[in-house]
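# Inside the fold
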Amino acid sequence: MKNIGIIIELDEGKIKEINFGMITLARAPDSDLFAFVLDADVTAVREDLESYGITKIVDVALASDQRNNPAVRAKAIANGIKEYGIGAVFGLSTATGKDLLPRIAAQLEAPLVMDCFTVDLENNLAWTSRYSGKTSASIKVTGDIVVFGVRPNAVEPVKGQVSSRILKFDGSRIVSRGFKFVKRAAGDTSVKISLAEADVIISGGRGMKNGDNFSILSKCAEKLNGAVGASRAAVDSGWVPYSMQVGLTGEKVSPRVYIGCGISGSIQHFAGMKTSGLIIAINTDKHASLMADCDYSVLADVLELIPEITRHLENG
Amino acid sequence: MQIYVCVKHVPDSSAVITVLGDNQIDENVIFLLNPYDEHAVTEAVKIKNSLPDSEVIAVCLGKDDAEKTLRSALAMGADRGILVVSDAPHESIEIARVLKTVMAQDGIPGLIITGKESIDAKGMQTMFRIGALFDFPVATNVIRLDIEGDIAIVDSELSGGAVDTYEMSLPCVIGAGRGLNTPKYPTFPDVVKSKKKVVKKIALAELDIGTSKADMWIVGLEPLVLVRKPKEITGDTDEVAREVIRILREEAKVI
Ligand SMILES: Cc1cc2nc3c(=O)[nH]c(=O)nc-3n(C[C@H](O)[C@H](O)[C@H](O)COP(=O)(O)OP(=O)(O)OC[C@H]3O[C@@H](n4cnc5c(N)ncnc54)[C@H](O)[C@@H]3O)c2cc1C
Ligand SMILES: Nc1ncnc2c1ncn2[C@@H]1O[C@H](COP(=O)(O)O)[C@@H](O)[C@H]1O
C-alpha cells in the first residue's frame, strides 16, 4: 500500500476545479490518497474529494496569525508527509504552488519536477518542458519522497467515488524562524479566474494598440468565463500588469482554448501557450507566426471582431 | 556584507534547439546569462552601492564556457566571479549543494540572490534548496527588496497581481522576479573594466558537496512540437463571429 499526498488548492474555502485533474493523475492502484487541506472547513470539500478518489483528508490547522505564512504552510505539510509515511506528493504548478512545493521539497531534500504535463508514478518519471518550451523532457526522480508540481488543466479529470476519513493535523505550534509574514495586498479584484486555471484565455498583444482596448478582451472573457492574458509587448508598453503576461518569462498555460489577439507569436510567447488545447489566432497580418501555428486563423482586425463575438454571446 | 549572486549560463531563448541522442541538446548555440539572473545581478549591485564595505560575488556551476556569463555579470557590476567547472549535466539538488559549498568556502554570505527561474531547466527551486542547506529564510518571485539593518523586507508577487510582504532576517535568499528592477546593461567602458576582474575556476571534483539520498536526471528529451494545421475562418465580421462561437461551443465545448 502506497501513501500518496495531494495538496489541495482552495479559493475562499471552496475547492478549485483544477484540483480534480491532479487527483486523477495521482490515483494509483493499491494506494491511499491523502488530501492536505489547510485551514478550511473540510466538511465543505469532503464530498468533492471523495468523488475523485481521496481516501484520507488531512485537516491541517495552523495558528491564526500564520495562515498566510508560506514557510509555515510548507513546514506543516512537510511534517504531515513524514507523519503519514507519504512517498509521493502532488501539488499544482500555480503561483501558490511555485512557492509552496519547492519549499516542501527543499525541506525534505526530495526531488521535485515542476510544471509536469504528466507523471508515471510506478516508474517515478515526470514529463515537463525544457529549453524554453522547445523540448519535452522525461525526468527520473529517486528518493524516499518525491514531489511533482502538475500543470493546471494538463490532465482531464475523471471521477472515482470512494469514501474518506478525516485526519486532524495540529499545526498550530509551527513557526518559521527568521521569516515573518507582514501583509497581503490584493491584486486586481476584477480578475475572477487566474490565467493558470482558466479554460479559455483571450490574450492581447501589440495589436491591441493601447491599454484601454484590453477592456474589449475582458468583456468577451467574462462572457466565456475565461481570463485575459497578454504578450510581453503589451506588458512592456505599460498597458497591462506583468501578472497577465503569458510566455517564457510569464505564465505558462494550457487552457482548452487560447485566443491570441494581435499577437505575432514569437518563440518566447509560444513557449508559454503552445500546449493549449485549441489555438485561435486573430491578426491583420496573415504571415504572423501564430497564424501558421494555430488551429484556426482569422485574418481580421481584432478591435472589430472581438466586440462582435461579445455581442453574439450576449444575445445568446 | 558579502552579497552572492547565482548566475546560470543558458541557451538563448530564441536559439534553435536540436536534440542529440537520448537526453542532450546540441550546445552549439548562443548561451547567455539567464534573464531573471540579470535582475538578480542588478539588485545585488544596487544594494552594494548603498552599503559600505560590501562586495558582490557572482557564482556559477557550468562548463568552462560559462565564464562568458560570469563576465557578463562582472560587466554589470559584480566584483568577482567563481566558476565551478563541470562538464556533466546537473539538476537542482546537486546544483544547490555545489553553490552552497562554494559560497560557504569563499566567505560569509550576508545575502544570496538568484533568479526566480532558469529558462532552460525551469526548476523554480534552486533558491529554496540553497536556503535549506544554509538554514536561511527564502522568498521567491521578489519584486521589491529593502535592507534595513539585519532585516530584509521583501514583496513577493502572487497570482493575479496580489503581493505579499515578508520580513526576513539576514542572511537570507532572494529569488528575483521580473518586477524587481530594470536590468542595468553594461556600457562599453563597463565591459573593458570588467576584463580586469577575477574569475576563479574550481573543478567540481575539488569540492566536497556531501551526498544526497535523492536524485533526479533527464532520461529522455524530444522536440516539443504539436503540429497544427490552421484552418482559415473567412467571411464578414458577423459570419466569422458566429463561426468562432460555434467552434467554442461544439468543438472545444467551453460554452
Ligand atoms: C528573454 C526573452 C523573454 C521573453 N519572454 C516573453 C514572454 O514571456 N512573453 C511574450 O509574449 N514575449 C516575450 N518576449 C518578447 C518576444 O520576443 C516578443 O517581442 C513579443 O512576444 C511580441 O509581442 P506581440 O506579439 O504582442 O508584438 P508584435 O510581435 O509586435 O506583434 C503584434 C501583432 O499584432 C498584429 N496586429 C496589429 N494590429 C492589429 C489589429 N488591429 N488586429 C489584429 N492584429 C493586429 C500585427 O500584425 C502583429 O502580428 C521575450 C523576449 C526575450 C528576449
Ligand atoms: N548551474 C547554476 N549556476 C548558478 N546558478 C544557478 C545554476 N542553476 C540555477 N541557478 C540559480 O537558481 C535560479 C533558479 O533556477 P532553477 O531552480 O533551475 O529554476 C537561477 O535563476 C539561478 O540564479
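We now turn to the structure provided with this report. (Residues numbered from 1 in each chain as written. Chains lettered and ligands numbered in written order. Predicted model: local features only at pLDDT ≥ 70, side-chain atom pairs only at ≥ 80, totals over all residues. Heavy atoms only, no water.)

### Details of the site of ligand 2
Residues and elements named next belong to chain B. Going by this rule: Nearness is judged by heavy atoms alone; a residue qualifies as near a molecule or strand once a single heavy atom is within 4 Å of it. The definition of a polar contact used here is a pair of N or O atoms within 3.5 Å, where within protein one atom must be able to donate a hydrogen and the other to accept one, and adjacent residues in sequence count solely through side-chain atom pairs. Per the convention used, a helix needs a DSSP run of H or I reaching at least four residues, while a strand needs a run of E reaching at least two, with both numbered from the N terminus. Charged means Asp, Glu, Lys or Arg here, nonpolar means Ala, Val, Leu, Ile, Met, Phe, Trp, Tyr, Cys or Pro, and polar covers whatever is left, Gly included.
Taken together, 19 residues lie around ligand 2, and Cys6, Asp37, Ser118, Met124 and Thr126 are the ones closest in. Between ligand 2 and Cys6 there is a distance of 2.7 Å, counted from an oxygen atom to a backbone nitrogen or oxygen. In the model, an oxygen atom of ligand 2 is placed 2.5 Å from a nitrogen or oxygen of the Asp37 side chain. Listing elements by their share of the shell around ligand 2, those giving two or more residues are strand E6 (55-62), helix H3 (92-106) and strand E8 (109-115). Here the shell around ligand 2 gets three residues from one element, more than from any other, and that element is E6. A class-by-class count of the residues in the shell around ligand 2 yields eight nonpolar, seven polar and four charged.

### A look at the packing of helix H5 (residues 214-223) of chain A against helix H9 (residues 302-314) of chain A
All names here are of chain A. Under the convention used in this document: To define axes, lines are fitted to C-alpha atoms, for helices over the stretch in contact only, and angles between the resulting N-to-C directions are given on a 0 to 180 degree scale. Oblique is the label for any angle not covered by the other classes, which are roughly parallel (under 35 degrees), roughly antiparallel (over 145) and roughly perpendicular (65 to 115). Crossing handedness: left-handed means the near helix sits turned counterclockwise from the far one by under a right angle, and right-handed means the same turn made clockwise. A contact between two residues is defined here by any heavy atoms of the two lying within 4.5 Å.
Between H5 and H9, the least distance of the axes is 9 Å, while the angle of their chain directions is 30 degrees. Taken together, the axes of H5 and H9 are roughly parallel relative to one another. When the axes of H5 and H9 are compared, the crossing they make is left-handed. Of the residues in H9, those touching H5 at Ile216, Leu217, Lys219, Cys220 and Lys223 are Leu303, Ile306, Pro307, Ile309, Thr310, Leu313 and Glu314. Class assignment for the residues of the contact of H5 with H9 results in eight nonpolar, one polar and three charged.

### Description of the site of ligand 1
The cut-off we apply is this: What sets the accessible areas is the Shrake-Rupley method with a 1.4 Å probe; for residues, cover comes only from the shown protein chains.
Taken together, 29 residues are adjacent to ligand 1, and Arg206, Ser231, Thr249, Ser264 and Asn283 of chain A come closest. Taken together, the residues near ligand 1 originate from chains A and B. Measuring from an oxygen atom of ligand 1, one finds a side-chain N or O atom of Arg206 of chain A at 2.7 Å. Between a nitrogen atom of ligand 1 and a side-chain N or O atom of Asp301 of chain A, the distance comes to 2.9 Å. In the complex, 78% of the free accessible area of ligand 1, which totals 990 Å², lies under the protein chains. Mapped by element, the contributors of at least two residues to the shell around ligand 1 are helix H6 (232-236), helix H7 (267-270) and strand E17 (278-283) of chain A. Residue classes in the shell around ligand 1 are distributed as nine nonpolar, 15 polar and five charged.

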